[in-house]
Every structure is written in structure tokens, then in C-alpha cells.
Amino acid sequence: MGAASAKTMPYWARGLAPLLGALAVLAMLQWIFGPMHFFVYLSSLVGVNVILAVSLNVVNGMTGQFSIGHAGFMAVGAYLSGLFSLAVKELNIRGLPATLSDQLLLLAAIGVGGVAAAACGFLVGLPSLRLKGDYLAIVTLGFGEIIRVVVQNTETLGGALGLSGIPQRSSFYMVWLWVFVTVLVARRIAGSSHGRSLWAIREDEVAAEAMGVDTTGYKVRSFVVSSFFAGVAGALFAHFVPIINPGSFTFVKSMEVVVMVVAGGLGSTTGAIVAAVCLTLLPEGMRSLFLRLGGEDASLAQKVDQIRMPIYGLLLVLLMLVRPQGLFGTREAWDVLPKWLSRRGPALKGPVA
Amino acid sequence: MTPATVNPPLLEVRAASIQFGGLKALTGFNLEIRQGDLKGLIGPNGAGKTTAFNVLTGVYRPTSGDVFVAGQRVNGKLPHQINRLGLARTFQNIRLFKQLSAVDNVKVACLADSRPLVSAERVAALRRRGSALARLGQMLDATNNYYDWWRALLLTPGFLREEEAVTRRADELLEVMGLAHRRDEEAASLPYGEQRRLEIARALGTRPRVLLLDEPAAGMNTREKSDLMVLIRKLRDQFSLGLLVIEHDMKLVMGICEQITVLDHGETIAYGTPEAVRADPKVVEAYLGEAQPAAAAGASR
């Protein structure tokens, strides 16, 4: 299809064209990577973290509010979609092949998780986003902890032992489709007038309000979008790990996502993606490295999980010293990389000439 | 028809007072701005000029008295709601969106006039009738904001048309303020005088009927100040505005304002034409201290 036919396309097709393209590419990738189980597991972990980081960036980066309870919304999505899937475990949509029926039910479960998390985001955001400053941080921190404690003490959710037996319906395809949707949504928001209003709130709330921007409304909406995708991430997570327990959704997990967003640059979607990929693969890389160092002794490799947070902390301190604005600052990779390349290029050629 | 109905007051303040603890920051402040008015608000440092602006624009809620914008009482309304009734302002200490480009600064303001599914007037009318539909109307209005986001996500033709219109209008405003050549530069990187002009362009983006300028000439040199005087008059005529200017520079205020209100310690000590205000002994006293020592100092020189 040429550029001429793109203009004659109905608008909904134009708006959804990237999504249709992604569907096709993902179908191919699924065919290639589908059978590689460890790769699928690892890439799903990466994908979930990318969704979390990109969605948190909408609130912490673009809008300039500080939320540190993302794991709480993820937990809401994970548990509610898990319960939904457990309830429809034996169900098979009539007239459809088993795989397709499973994937549709998974999609429904993800919808349940996302909407539930978004509703929580609305309830938490509405009162706290009216206030200025650090209230949101405190409220979201409290929300995350409340969710964790409630789950820990609820029998139907498996208590501290966790919820097991959720059908493992997640696939490479589904995870990366949602990664794509999250990034597309984040970019479309950032590129629209709404995104500009969010930036304005981050830059100067008083001035934004004086210029007719409904600051509370915008903050709540960005928070709802962000929590929705946190719920989606949780729902996906629940469908590829063998068991979900409250330990997966602690404050540490929230901080992990915050570190990703800060490391990538507050406000930069590509930065959040790069940071999420690197910081998810880092412990895995260390694990295999330690496994090699330790030889047969596997205890060294097991320690990776324990020292992960100190390493994150060190990384963050280093980053703040060297590059306080994060990897890409508030810009995107395509704004920054050409400049970096052109700056390095002549400098290297200089002495030769 | 009487003149009053032909040109009704767009901004009306009746005996507005505000008190912070024991401090009376503003007492019995009265003001009326109609289309075409160019009024000044002056007074020594700490007289309550900016406080008055903050009361008008909804940053502070007056302790007593009323503020009407376009005939609606706005006490307790939020600044963005008041802005949408047609009142815009600039800030004394420039408050641009620093990391945004010049054109984006204006675009933020241009977006403010969005059309809700159910208009605020309709909701208010329903509520007056005590109708349960008012609640539904409000909810629809709230969901409309989300609907707007959906349009942005799906890139609907209506959305793209609006984005284009917003960009065109922002460019026009930059042109009017002589900032077209700075279009894509970061707001923080502009020279001081241009930042002040960009603030005015941004305020105009919200389609105001009354514009409040808080020390627009602060930090400008003589040349820039005289340019600004011409510009302010031009804006009033081109955009059919009513203007209220806070300014320290007497030459500028006396030069362009038709009516001047003088504040001291939150109280209005004089009101009238520039000549009348300049001759008022209370004004001289407020600015120069007591008349006698001032005269004595003049004599000893």
C-alpha cells in the first residue's frame, strides 16, 4: 500500500494501522520463538517490566507526579485476572479451537485485571492528586502495602503461600502485543495536546492551571492510564509464572520500576524501555556469570537475587553523579542519538585529518 | 439601550477582601473592566497588587466580597474554570513551561477551549431544577475527557483537524507577538524580554476577554518598554480585550492607562485618571513617605 492509499483509508484503520502491522510481525516472531521456552519466559519478564516502566513514566515522567506504588496496581491486575482465569479454567468457547479459545479468555482476563487496576487508580488518585507535592508518593506507598497485606491475609487469594494453578496461557505473542500497545498509547499521548498539557503540569502547575488546564483532571487521567497498564502487566505476569504470591508485589518491586524510569530519563518512553530491558537482563546475566564463576556451587548464583537491590542502589547513585537527567533526559532516543553520533564522529576523525 | 448593556463589565470586583491570619492583604477592593478598558494597578512594594491578581484569577479565595467574570460569580472556582470564562493573566516572576518550545507553550493554552459533550451551563440548569439528570450530565462531562483521550489514541480526523487548528492559532499568536523566529526554541533559552512576550502570547491563547498583565515591563530596557506600550494598545484593539496592568514603571503606566487604582497596605487609596492620581497627596505620601520631609529634602539640595 502506497502513501496515496493511506489517505483513502478510513480513520480507524489509519489509527490502528501500526497495531495491525505489529500483529503480523508478532505472529511471525511467535512462530520462530514459540518453542524456545526459556527465551519466551525471559522475554515475557522483560516485556512485563517494559510495560510497567513505560506506564509509570506517564505519571512520574510526563506528569511529574511521584508514584511509588506501581507494584500494588500490578498485584490487583495479577490477582483479579488470576481469579478470573481460575474460574473459567475448564471453559471452552464453543466452535473455536482450544488455543484460540484460551487466548480469548486470556484477553478477557487481562481486561479484567487492567480495568480493576484502573478503577483502583481512579479511587487512589482522585483524592491524592488534588493535593500538591509528596502526598501522592505517600498515598501510593500506602496503597501498595495495603494491597499486599490484604492479599497475604485472604484465604481465597492463597494468603502468603500464593495463588497457584492459574492456567499458563500467556504467550510471547500476547506479552509483546501488550508491550506494543502500551508504547503506542504512551507515545500517542505524549505527541498529542493532552501530552503537552501533562508536560505543562510537570513544568509549572500554577501556570498550567492559570492557562485553563484542568490540572487535577489531567493528573487523574494520566494516573488511570498508568494503573490500567500496570494491571495488564500484572495479569500477563500471573499467566506465565507458576505461582503468584505477595512477595512478588512488594515495595521493592515498585522501587525497581521507579529506578527503571529514573535511569531511562524521566519523561522518555524509549529511555524507560532501554532501562527496563537492561535492568531485567542484568540479574539474569549476573546469574549465569556467577554460575560460571562458582562452577558446581550453585549458592553463589542464588545470591544474585539478594544482592540485586544493593546493585540497583549503587547504579542509581552512580547515574545521579554521572547523568542526573537519566539516559535520554526528557527526550526520546531518536532526538538524542543522532546528536551523540554526530558529536562523536568528527571528534574521532579530527586528529587523522 | 443604556451604554451599560451595550458593553457590560467583563470583570467586576465588589469589596473583595482577603486576610491571611491577622494580615489584611487586601481590603475592600473594587474594580470594573469592560471591553476596551485599559486600567492600571499601582502601589509600593507589598501593597497587595499581585494578591489582588491572585484573588481575581482564583488562586486565592476572597475572605469577603465577590468577583464576577462575564457576569458569573466565581468565588471559590478553580483558576482553570475562571480562565475559561475569559480571564487570562501573566506572571510577575515569569512562569513559562521552561522545557517546552515556544510554540508548545502557546499550544497548551490554545487547547483550553475544548467543547464538552454536555455544556457546563446545561449541567447548571439541570441542577437548578433539582434534576437527577444533573449528576448524569456531570458524569458524561467527566467521561468526555476520557473520550478526548480516545480520539487522540485513535488519531480520529476530528482530533487531527483540531490539532492542526491549535498549531495554526499558536503560530498566529507567535507572529503577533513577534516571536515567530523563536518558534521551536526552548522557552527557557529565550532572552528575558521575549520570555515576557511569550507569556502574553500564551495568555492570549486561552481566548481571554480580559487580560491581566503583572509587571509586563519588569527587566526591560527603555527601548523595549516603549515597544511594549505600543504593543499593549495594539492587543487591546486587535483582540477586543479589557486590560489591567500592574506596573512599577510610572512612565509606562501613566502613558497608557486611562484609569489607575493605587493600593497601599491592601487598601485602595486613590482611583482616577493618571493626572488626578499623580496629584493626589495620599499617593505622593505612599510613594515618597511623608510630604514634608520629601519637600525638605528637595529644598536642601
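Remember, it's a predicted structure, so these values are computed and weren't measured experimentally. (Residues numbered from 1 in each chain as written. Chains lettered and ligands numbered in written order. Predicted model: local features only at pLDDT ≥ 70, side-chain atom pairs only at ≥ 80, totals over all residues.)

Q: Which parts of the structure should I look at to understand the overall build of chain B?
A: Looking only at helices and strands, chain B has 13 helices and 10 strands in total. Evaluated residue by residue, chain B yields a buried proportion of 40% over its 301 residues. The contacts of chain B with a sequence gap of at least 6 include a subset with a gap of at least 24, amounting to 65%. (Helix = DSSP H or I, 4+ residues; strand = E, 2+ residues; numbered from the N terminus. Buried ≥ 20, exposed ≤ 12 C-beta atoms within 10 Å, placed from the backbone. Contact = placed C-beta atoms within 7 Å.)

Q: Help me understand the interface of chain B and chain A, please; the structure alone is not making it clear to me.
A: Interface size is commonly expressed as the accessible area that is lost once the parts come together. Tallying the contact residues gives 32 residues for chain B and 29 residues for chain A. Put simply, the parts of the chain that give the side of chain B that touches chain A at least two residues each are α3 (79–84), α4 (102–111), α6 (133–154) and α7 (157–176) of chain B. Take the side of chain B that touches chain A: its biggest share by element is 6 residues, from α6(B). Looking at the side of chain B that touches chain A residue by residue, the class counts come to 17 nonpolar, 7 polar and 8 charged. (Nonpolar A, V, L, I, M, F, W, Y, C, P; charged D, E, K, R; others polar.)

Q: Whenever I open this one, the nonpolar core confuses me. Can you help?
A: One recurring pattern in soluble globular proteins: nonpolar side chains tend to sit buried together. Ranked by internal contacts, the top residues of the largest apolar core, which has 172 residues, are A:I51, A:A53, A:A233, A:L236 and A:M260. Broken down by element, the residue count for this core peaks at 14 residues, all from helix α10 (residues 215–238) of chain A. Residue assignment places this core across two domains, with domain 1 (1–86 + 208–301) and domain 2 (99–191) of chain B each supplying three or more. Setting aside residues no more than four positions away along its own chain, A:M260 makes contact with A:N49, A:A53, A:A272, A:A275, A:A276 and A:L279. (Core = buried A, V, L, I, M, F, W, Y, C linked by C-beta atoms within 7 Å. Domains from an automatic or database assignment.)

Q: What should I look at first to understand unusual backbone geometry in this one?
A: What is expected of a backbone is that most residues other than glycine have negative phi and most peptide bonds are trans. Residues and elements named next belong to chain B. One non-glycine residue, A70, lies in the positive phi region at around 50 degrees. By the secondary structure assignment, A70 is in the loop between β4 (64–69) and β5 (72–73). Under the C-beta neighbour-count criterion, A70 is labelled partly exposed, with 17 such atoms within 10 Å.

Q: What is the right way to read helix α6 (residues 135–152) of chain A from this model?
A: Each turn of an α-helix holds 3.6 residues, which means side chains three or four residues apart point in the same direction. Residues and elements named next belong to chain A. Over its 18 residues, α6 extends 26 Å from the first C-alpha to the last, a length consistent with the 26 Å expected when each residue adds 1.5 Å. Burial in α6 covers these residues: L136, T140, F143, G144, I147, R148 and V151. Down the axis, α6 shows its buried residues gathered within 125 degrees of arc, on one side only. Those residues of α6 that are buried are in contact with α4 (70–87), α5 (98–128) and α11 (251–264). (Expected span 1.5 Å × (residues − 1). Arc of directions from axis to C-beta.)

Q: Where do I start with the pairing of strand β3 (residues 38–42) of chain B in this structure?
A: One face of the sheet, then the other: side chains in a regular strand alternate in exactly this way. Residue and element names in this part refer to chain B. Summarising burial for β3: 4 of the 5 residues are buried, a large majority. The pairing of β3 with strand β8 (residues 242–246) spans 4 bridges and is classified as parallel. Opposite G40, over in β8, you have V245 as the bridge partner. The sheet contact formed by β3 and strand β9 (residues 259–264) spans 4 bridges and is parallel. (Pairing = 2+ DSSP bridges.)

Q: What is the right way to read the confidence of the model for chain B from this model?
A: Low-pLDDT stretches of the model should not have their predicted coordinates read in fine detail. Residues and elements named next belong to chain B. On average, residues of chain B score 83 in pLDDT, and 83% of them are at 70 or above. A low-confidence stretch, residues 291–301 stays under pLDDT 50, and its non-local contacts, those more than four residues away or across chains, total 5 contacts. Both scores are available for the predicted complex, with the pTM at 0.87 and the ipTM at 0.84. (pLDDT = per-residue confidence, 0-100.)

Q: Honestly, the packing of α4(A) against α6(A) in this entry has me stumped. Any pointers?
A: Each packed pair of helices is defined by two parameters, the angle between the axes and the distance between the axes. Residue and element names in this part refer to chain A. Two elements in contact, α4 and α6, have axes whose closest approach is 7 Å; the angle formed by their N-to-C orientations is 35 degrees. Here A71, G72, A75, V76 and Y79 of α4 lie close against α6, whose contacting residues are F143, G144, I147, R148 and V151. Split by residue class, the contact of α4 with α6 holds 7 nonpolar, 2 polar and 1 charged. (Axes fitted to C-alpha atoms, helices over the stretch in contact; angles between N-to-C directions.)

Q: Looking at this structure, I do not really get the environment of A:A276. What am I missing?
A: All names here are of chain A. Secondary-structure assignment places A276 in helix α12 (residues 269–294). Remark: the alpha-carbon pair of A276 and E256, spanning 20 residues in sequence, is separated by 9.2 Å. Aside from chain neighbours lying at most four places away, what touches A276 is N49, V50, A53 and M260.

Q: When you look at the pairing of strand β10 (residues 267–272) of chain B in this model, what are you seeing that I'm missing?
A: With 5 bridges joining them, β9(B) and β10(B) adopt antiparallel strand pairing. Bridging from a neighbouring strand, B:T261 pairs with B:Y271 of β10(B).

Q: Help me understand the confidence of the model for chain A, please; the structure alone is not making it clear to me.
A: All names here are of chain A. The pLDDT averaged across chain A works out to 85; a share of 90% of its residues lies at or above 70. Averaged over each element, pLDDT in chain A is lowest for helix α1 (residues 3–8) (49) and highest for α4 (94). Counted against residues more than four places away or in other chains, residues 1–5, with its pLDDT under 50, gives 1 contact. Considering only residues more than four positions removed or in separate chains, one finds that residues 346–353, a stretch of pLDDT under 50, has 0 contacts.

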